[in-house]
Amino acid sequence: MQRLLIFLITLFNYMAIAQALDDDVTIMHFSEADGFSQTIVNQAIQDSLGYVWLATWDGLNRYDGYRFENYKMRPGDGSPLRTNRFGTIRQLPDGNIECTTTDSLFFIFDRQTATFRAATGDYRRRPRLQKVDSATATRIGSLPEFAGVYANILLVDRQGGIWVDTHSGLYRVWFAKRPLIPTKFGNQSEEEVRAFHTDRQGRTWVADKNGYVRLISADRSQSCFLTLDGRLTEHPTAFGESVYCIYEDSRARVWLGCKPGGLVRLSPRLYGGYDVKRYRHDPADANSLGSDNIYDLAEDASGHLWIAAYDGGLNMLDGDRFLNSRNQRERWPSAKVRVLHITEDQVLVVGTLQGLFTASIEYPIERMHFHHNHRDAHDASSLGYDWVTDLQPVGHDTLAIATSGGGLCLADSRRLLTDTIRFRTLTTRDGLASDICQSMFYDDGQKVLFVVSQAAISCLSLHDNTVTNLLRGTLGEHFNLLDCKPAKTADGHFLFGTTQGVLDIAPDDMEKSQRCPPIVFDCPNVIRLSPDERRLTIRFAALDFNKRVPITYAYRIDGMGDQWTYITDNSITLPDIPPSTLQLHLRSTNGDGAWADNERILTIHRRAAFHETPFAWMLYGLLLTLLVVAVVKTVLYIRRLRHEIRDIRLTSNQRMEVMAERIRELLSIKEPVKPVETVGDIEDEGDRQFADSVRTFVREHISDATLSVQDIARAVGVSRTVLFARMKSVFDTSPANYVLNQRIAYAKSLLQHPGAYIADVAYRSGFSDPKYFSRCFKKLVGQTPTDYQKCDR
């Protein structure tokens with residue numbers, strides 16, 4: 001029995017070691033650069049949210065997949081801690097962390113306030129340490145990094161990550177599936193796959209840049225090589241040309257587009273193999289192939305073959321001659337042609353390095369008219385980039401256009417015959433791994449469009465318009481994806497061309513990862529800001545520690561647009577928050593690059609300052625309205641003044657003074673006191689009568705303190721404005737200043753009487769205030785009434 005037990009234990013350990021060797025091992029080492037404060041760790045736990053907490057000899061550490069936060073006593077913070085050496089930790093039902101220090105004291109770490117307080121009552125319980133099974137210990141011990149050294153397994157987190165404390169620091173070990181890598185059939189240092197094709201027999205054709213063309217049977221049990229003379233051999237034999245595209249026409253002939261070998265036609269022989277016919281470019285023959293660099297082929301409903309001859313433009317094979325821009329087809333695209341597609345409605349779509357060309361295929365061929373679409377920097381619905389790399393029909397009414405720098409463009413395949421096609425462009429902002437899209441493949445069964453870039457495969461799901469990216473962590477290192485069009489084999493595998501052979505991905509590997517990491521915020525779910533707090537930085541994390549690729553986040557704010565913004569940083573800075581209640585929606589991918597159903601909502605409420613309230617805006621609006629009304633009234637008033645004084649003889653300066661005096665009167669601005677010169681003989685009869693009328697009326701009412709300009713205007717039978725103008729013309733002063741001078745003159749005569757009182761003189765002269773009378777008197781006479789009275793005596 002004992003021997004059997006030993007045998008089972010040994011077998012179990014052997015299986016654990018074998019599994020460890022078969023899996024891909026990721027080992028993360030944490031140091032001060034990650035915020036980790038101390039290499040001596042006494043205990044580790046994972047809380048209900050997914051954070052990992054570590055009790056170290058330099059405080060309590062929390063890990064969110066990006067960095068460590070360190071909580072401990074600091075100078076002057078009022079903490080009850082007496083040491084930063086923590087012993088044990090556990091999570092309480094309310095989410096807070098109970099911890100003990102090495103001096104055997106219990107404390108509670110409050111997660112809301114990030115502070116410590118002394119623990120009392122039922123909280124004072126020693127936590128249980130997690131026990132690690134022998135299989136886990138064996139797997140860790142089998143790794144060279146931990147062989148023969150002290151290794152204390154602290155925690156196995158919920159994603160299978162093993163946290164190991166050693167004398168050289170803290171590690172997290174993760175056993176995962178090995179990344180997807182390509183395979184080569186030969187031993188060349190590089191094997192650039194340039195073309196795939198699945199023929200009617202289910203065979204897969206694979207062509208590489210080394211000049212080999214392989215045919216693999218549908219069940220993958222057999223493979224053979226195509227020779228230059230059309231034979232099929234099991235021995236690795238080079239075809240001799242670098243094949244860039246493979247096409248099978250309606251007559252079961254296979255066409256190979258080579259670079260720089262021109263066009264090759266393979267006609268099936270009765271007993272196997274192919275008859276080979278070659279077409280080459282001849283500069284002396286205008287009816288020959290436009291170029292020996294062939295990138296793509298397509299056949300129309302009439303059986304004519306269309307050729308993308310790259311630097312030879314668009315070509316069509318008509319019998320044994322080629323139609324192109326060299327032989328009376330000047331309107332055909334002559335730019336570098338990369339890719340072709342013919343729709344069900346027989347619309348020819350040509351992708352070039354100068355944009356997209358479209359034309360309805362018509363015969364005679366001279367009737368064809370090409371439309372040209374290219375990037376317009378001021379039109380977001382134009383082509384995203386002029387360098388078109390691939391074309392792919394998606395469903396029945398959509399055409400996908402891959403560009404080398406402008407992302408992926410989608411167009412209605414029923415509306416292609418126009419120079420203003422409306423495109424919907426998807427870029428890295430919408431979740432694509434790269435804006436340089438090299439090639440595409442559409443799987444109608446999964447309703448997924450695969451978009452190939454140099455280091456990633458973006459999978460666009462048409463069910464929910466989400467993008468899942470297979471990046472370096474999933475695909476492996478040391479190779480790049482190429483621009484050859486992917487293919488799907490008879491058994492459902494997907495083939496992608498790389499610099500190191502064929503990347504063969506099984507359907508299960510292309511399925512969307514179901515891991516759903518929770519998103520946690522470094523703040524409460526509801527944030528309340530004061531009026532002065534306009535800027536806010538929010539930190540968050542999707543707690544996926546098994547990250548093969550960086551996590552991508554998408555966020556949007558209700559009321560500020562429905563478009564999602566895509567970022568790879570785990571923080572958002574809102575620079576100018578309006579006074580309102582905002583809801584921030586946040587979601588993320590998981591560590592495999594697949595979008596997860598983990599949307600979180602954060603509410604942000606900011607109180608409004610006074611100038612941001614509706615009452616303030618109403619007040620500002622009212623003040624602005626009053627200002628506008630005042631300006632309009634002033635302008636109209638000035639116009640009326642100009643109209644009323646236009647017939648009165650005044651110099652330009654006098655006119656300006658009249659208008660200024662009227663405006664001062666309108667705005668209740670006191671007129672400065674000025675002496676009035678004595679008026680001599682007046683030649684004009686009208687002016688003389690006007691002057692006499694004014695003198696007589698003012699003299700008769702000199703003691704009336706309520707005498708106004710309106711009274712004088714009414715007495716002489718003119719308007720106030722005309723009165724101002726004629727007073728300026730005749731007396732060179734304003735009505736008010738004239739009355740003031742007359743009152744002072746009358747006061748001087750009264751002061752000549754012995755025993756006259758100053759106040760009595762002021763009242764009799766029409767002043768209601770003796771002090772104002774004295775100021776005006778001194779202004780005009782040069783001395784006070786008292787001094788004048790003394791001098792007169």
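Refer to the structure printed above.
Overview of the structure. In this numbering scheme, every chain counts its residues from 1 along its sequence in written order. Reporting in this predicted model follows two pLDDT cut-offs: at least 70 for local features of residues, and 80 or more for side-chain atom pairs to be given and counted; totals over whole chains, interfaces and linings ignore these cut-offs and use all residues. To get the side-chain values, all heavy atoms of the structure are used, and hydrogens and water are removed first.

1. Structural notes on the overall build of the protein chain
Then step 1. Helix and strand counts for the protein chain stand at 13 helices and 48 strands.
Then step 2. Computed over the C-alpha atoms, the radius of gyration of the protein chain is 47 Å, more than 25% above the 28 Å expected from 2.2 N^0.38 for a compact globule of 793 residues.
Then step 3. The C-alpha extent of the protein chain, read off along each of the three principal axes, is 150 × 95 × 35 Å.
Then step 4. Exposure is judged per residue with a 1.4 Å probe applied to protein chains only, and the accessible area is read against the type maximum: over 50% gives exposed, under 20% gives buried, and values in between give partly exposed. In the protein chain, buried positions account for 48% of the 793 residues. Only DSSP runs of H or I reaching four residues or more are called helices, and only runs of E reaching two or more are called strands; each is numbered from the N terminus. Our radius of gyration is a C-alpha quantity, and the globule rule it is checked against amounts to 2.2 Å times the number of residues to the power 0.38.

2. Focus: the environment of C516
Then step 1. Secondary-structure assignment places C516 in the loop between α4 (507-510) and β41 (519-521).
Then step 2. For C516, a relative accessible area of 41% translates into the label partly exposed.
Then step 3. A C-alpha to C-alpha distance of 26 Å links C516 and I527, two positions eleven residues apart in sequence.

3. Focus on the nonpolar core
Then step 1. We define a nonpolar core as any set of buried Ala, Val, Leu, Ile, Met, Phe, Trp, Tyr and Cys residues linked to one another through side-chain atoms lying within 4.5 Å. W53, L60, F116 and W163 are the most contacted members of the largest nonpolar core, which has 30 residues in total.
Then step 2. Secondary-structure elements contributing two or more residues to this core are β2 (41-46), β3 (52-56), β4 (59-63), β5 (68-71), β6 (86-91), β7 (97-101), β8 (106-110) and β10 (151-156).
Then step 3. Top contributing element to this core by residue count: β3, with four residues.
Then step 4. Two residues form a contact once any of their heavy atoms are found within 4.5 Å. Those residues in contact with F116 that sit more than four places away from it in its chain are L60, Y71, K72, S79, P80, L81, F86, C99, F107, I108 and F109.
Then step 5. One finds I527, F540, I577 and L602 within the second-largest nonpolar core, a separate group that totals 21 residues.

4. Some thoughts on helix α2 (residues 134-141)
Then step 1. Within α2, the full set of buried residues consists of A135, T136, T138, R139 and I140.
Then step 2. You can read the cap of α2 off the contacts: a side-chain oxygen lies 3.1 Å from the backbone nitrogen of A135, and it is on D133. As used in this structure description, the phrase polar contact means that two N or O atoms lie within 3.5 Å; if the pair is within protein, one of them must be able to donate a hydrogen and the other to accept it, and residues adjacent in sequence are counted only when both atoms belong to side chains.

5. Quick look at a nonpolar patch on the surface
Then step 1. Each patch is assembled from residues with relative accessible area greater than 30% and no salt bridge, linking like charges that lie within 9 Å and nonpolar side chains (Val, Leu, Ile, Met, Phe, Trp, Tyr) that lie within 5 Å. In this description, accessible areas are obtained by the Shrake-Rupley approach with a 1.4 Å probe, and a residue is regarded as covered only by the protein chains that are shown. For salt bridges, the criterion is a side-chain nitrogen of Lys or Arg within 4 Å of an Asp or Glu carboxyl oxygen. Taken together, the side chains of F610, F615, W617, L619, Y620, L622, L623 and L626 present a nonpolar region at the surface, about 860 Å² in accessible area.
Then step 2. Topologically, W617 is positioned in helix α5 (residues 614-644).
Then step 3. Accessibility expressed as a relative area gives 56% for W617, which makes it exposed.

6. Points about the pairing of strand β27 (residues 347-352)
Then step 1. Extensive coverage of β27 is indicated by the burial of six of its six residues.
Then step 2. Covered by surrounding structure in β27 are V347, V349 and G351 together with L348, V350 and T352, the residues of both alternating faces.
Then step 3. Note: strand β26 (residues 337-342) against β27, five bridges, orientation antiparallel. Paired with V339 across the two strands is G351, which belongs to β27.
Then step 4. Note: two strands are recorded as paired if DSSP finds a minimum of 2 bridges between them. Between β26 and β27, which follow one another and run antiparallel, lie four residues, and Q346 among them has a positive phi close to 60°.

7. With respect to the packing of helix α8 (residues 709-716) against helix α9 (residues 720-730)
Packed helix pairs are characterised by how far apart their axes lie and by the angle those axes make with each other.
Then step 1. Every angle, taken between N-to-C directions, lies between 0 and 180 degrees, and every axis is a line fitted to C-alpha atoms, over only the stretch in contact when it is a helix. Taken N-terminus to C-terminus, the directions of α8 and α9 make an angle of 85°; their axes are 9 Å apart at the nearest point. Judged on the interaxial angle alone, α9 and α8 are roughly perpendicular. Taking contact as the criterion, the partners of V709, Q710, I712, A713 and V716 in α8 are, on α9, R720, L723 and F724. If an angle is under 35 degrees, it is roughly parallel; if it is over 145, roughly antiparallel; if it lies from 65 to 115, roughly perpendicular; otherwise it is oblique.

8. Things to note about the sheet that holds strand β12 (residues 169-176)
Then step 1. With antiparallel pairing, four strands are arranged side by side in an open sheet as β1-β12-β11-β10. With partners counted over all chains shown, the strands left at the sheet margins are β1 (24-30) and β10, one partner each. Each neighbouring strand pair of the sheet contributes to a mean axis angle of 25°, computed without reference to strand direction.
Then step 2. Bridge analysis of β10 against strand β11 (residues 162-166) gives five bridges, and the strand direction is antiparallel.

9. Side note on the state of the cysteines
Then step 1. Count a disulfide wherever a pair of cysteine sulfur atoms falls within 2.5 Å. For the structure on display, the rule yields zero disulfides.
Then step 2. Looking at C245, it has no disulfide partner, and the nearest cysteine sulfur is the one in C258, 7.9 Å off.
Then step 3. Residue class for C245 comes out buried when judged on its relative accessible area of 8%.
Then step 4. Of all cysteine sulfurs, the one in C437 lies closest to C409, which takes part in no disulfide; the gap is 8.5 Å.
Then step 5. What makes C409 buried here is its relative accessible area of 0%.

10. Some remarks on the pattern of salt bridges
Then step 1. Using the criterion set out here, one finds 42 salt bridges in the structure.
Then step 2. A salt bridge links D444 to K447; the nearest nitrogen and oxygen atoms lie 3.0 Å apart.
Then step 3. Assessed through its relative accessible area of 44%, D444 is described here as partly exposed.
Then step 4. Given a relative accessible area of 31%, K447 falls into the partly exposed group.

11. Quick notes on unusual backbone geometry
Then step 1. Of note, the amide linkage connecting K259 to P260 takes the cis form, showing an omega dihedral of 10°.
Then step 2. Its place among the elements puts P260 in the loop between β19 (254-258) and β20 (262-268).
Then step 3. Residue P364 is bonded to the preceding Y363 through a cis peptide linkage, with omega at 5°.
Then step 4. For P364, the location among the structural elements is in the loop between β28 (355-360) and β29 (371-373).
Then step 5. Of note, the phi angle at S104 is positive, near 65°, even though the residue is not glycine.
Then step 6. Inspection of the secondary structure puts S104 in the loop between β7 and β8.

12. A short note on the sheet that holds β19
In any sheet, the strands associate via hydrogen bonds between backbone groups, in a parallel or an antiparallel arrangement.
Then step 1. A sheet is described by the order of its strands in space; here four strands give the open sequence β18-β19-β20-β21, paired in antiparallel fashion. The sheet is open, and its two edges are formed by β18 (243-248) and β21 (274-279), each paired on a single side. With direction set aside, neighbouring strand axes in the sheet form an average angle of 20°.
Then step 2. Across five bridges, β19 lies against β20 in antiparallel orientation. For C258, the partnering residue across the bridge sits in β20 and is G262.

13. Considerations on the side chain of T100
Then step 1. Mapped onto the fold, T100 is located in strand β7.
Then step 2. For T100, a relative accessible area of 2% corresponds to the buried category.
Then step 3. Within the local environment of T100, its side chain forms a polar contact with the side chain of T88, the two groups lying 2.7 Å apart.

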